[in-house]
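Observations on the model geometry
Letter by letter, the chains look like this.
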Amino acid sequence: MDRNFAILELKYGNIYGGYPNFFAIAEVALLVFEPHSKKIFIESFINKTDIDYVSVWSKTDELGHTIERVREVVNMRTGRRRPFLEDFKLDERALRYNFKKLRPTQGRVKKFLLNTFRKYGVRTLITFDGRRDVFLCERTGVNFSRMKIIDLQKELNRETDYLFSLNKLAKIINFRIDGSYLRSNNLEYWLHPIAAKQLRPMSAPYDAARLLMVHNEYREHHDDFLMKAALLLNKLQAAKATEQSSHSEDEQE
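This section reports on the structure supplied with the text. (Residues numbered from 1 in each chain as written. Predicted model: local features only at pLDDT ≥ 70, side-chain atom pairs only at ≥ 80, totals over all residues. Heavy atoms only, no water.)

The next point concerns the layout of surface pockets. Its volume calculated, the second largest pocket comes out at about 280 Å³. What lines the second largest pocket is Asp61, Leu63, His65, Ile67, Tyr162, Leu233, Leu236, Gln237, Ala239, Lys240 and Glu243. Sort the elements by how many residues they give to the lining of the second largest pocket and helix α7 (residues 222-252) lands first, with six residues. In terms of residue class, the lining of the second largest pocket is built from six nonpolar, two polar and three charged. (1 Å grid on protein atoms, 1.4 Å probe; cavity = no way out; pocket = protein on both sides within 12 Å on 5 of 7 lines; lining within 4 Å. Points joined across faces, edges and corners; volume = space filled by probe spheres on them. Helix = DSSP H or I, 4+ residues; strand = E, 2+ residues; numbered from the N terminus. Nonpolar A, V, L, I, M, F, W, Y, C, P; charged D, E, K, R; others polar.)

Next up, the structure:
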């Protein structure tokens, strides 16, 4: 891939106490990579509306395997987190008020995306399980018809017949941030310190950075990537077999 491409990552969730099929955008990150110069640019949009939404994230073990799905309530404006209560419900009046507060977000997200695409001449987007990300962006009025969209999770699934999570892939490539450097098994990229400050765990820019390194390891060091992916799968299968054996012994006792 010789031209600029962008990694698209969103953070979104249901309004706390609202409808389960309505998602509000909390954060958008576009990480732009210039293959010829190895330069990385990170542009992000953070929704500062005073809305509580439900954030879902995965607790993982040392192999990147999900051991628990955690739901938390996060306020978009303050970032404050608090426990999720299953039976909490907003009344219709409060829900309508939240929808009204959220309405201007669509125009802001659209402007952010279009300006960033134009600024960097982006024609190719990389996503990861990105169908809903793209849909939510389209709902703001962005037209992707002239954009090439590559879903890396689907591509990897076709080749390996395994549905990798981004957490597992980050383990495969040994992703890490060292100061202003992004590093993996075979790659190293310098980031401007201001851009590096955006890479907080569980943020959209952080996931975009992980996805960039996974994408480039897969493209540029394909055989090494697949070998290390196979090693991780072997470890996961061995761990699963050990766990099943332990459970059967407990049942016998």
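After that view, the rundown keeps rolling.
Bridge count between strand β7 (residues 124-127) and strand β8 (residues 148-151): four bridges; the pairing is parallel. Bridge pairing in β8 places Leu125 opposite Ile149. Handedness of the crossover joining β7 and β8 through helix α2 (residues 131-139): right-handed. (Pairing = 2+ DSSP bridges. Right-handed = clockwise from strand over helix to strand, strands pointing away.)

All right, on to the packing of helix α3 (residues 152-160) against helix α6 (residues 204-220) then. Two numbers describe how α3 lies on α6: the axes approach to 11 Å, and their chain directions differ by 35 degrees. In this structure, α3 crosses over α6, and the sense of that crossing is left-handed. Residues Leu152, Glu155, Leu156 and Glu159 of α3 form the contact with α6, whose own contacting residues are Leu211, Val214, His215, Tyr218 and Arg219. Counted by class, the contact of α3 with α6 contains five nonpolar, one polar and three charged residues. (Axes fitted to C-alpha atoms, helices over the stretch in contact; angles between N-to-C directions. Left-handed = near helix turned anticlockwise from the far one by under 90°. Contact = heavy atoms within 4.5 Å.)

Further remarks concern the packing of aromatic side chains. Enumeration over the complete set of coordinates arrives at 13 aromatic pairs. A connected cluster of aromatic rings, assembled from ring pairs, spans Phe5, Phe33 and Tyr189. (Phe/Tyr/Trp six-rings, centres within 6.5 Å; stacked < 30°, edge-to-face > 60°.)

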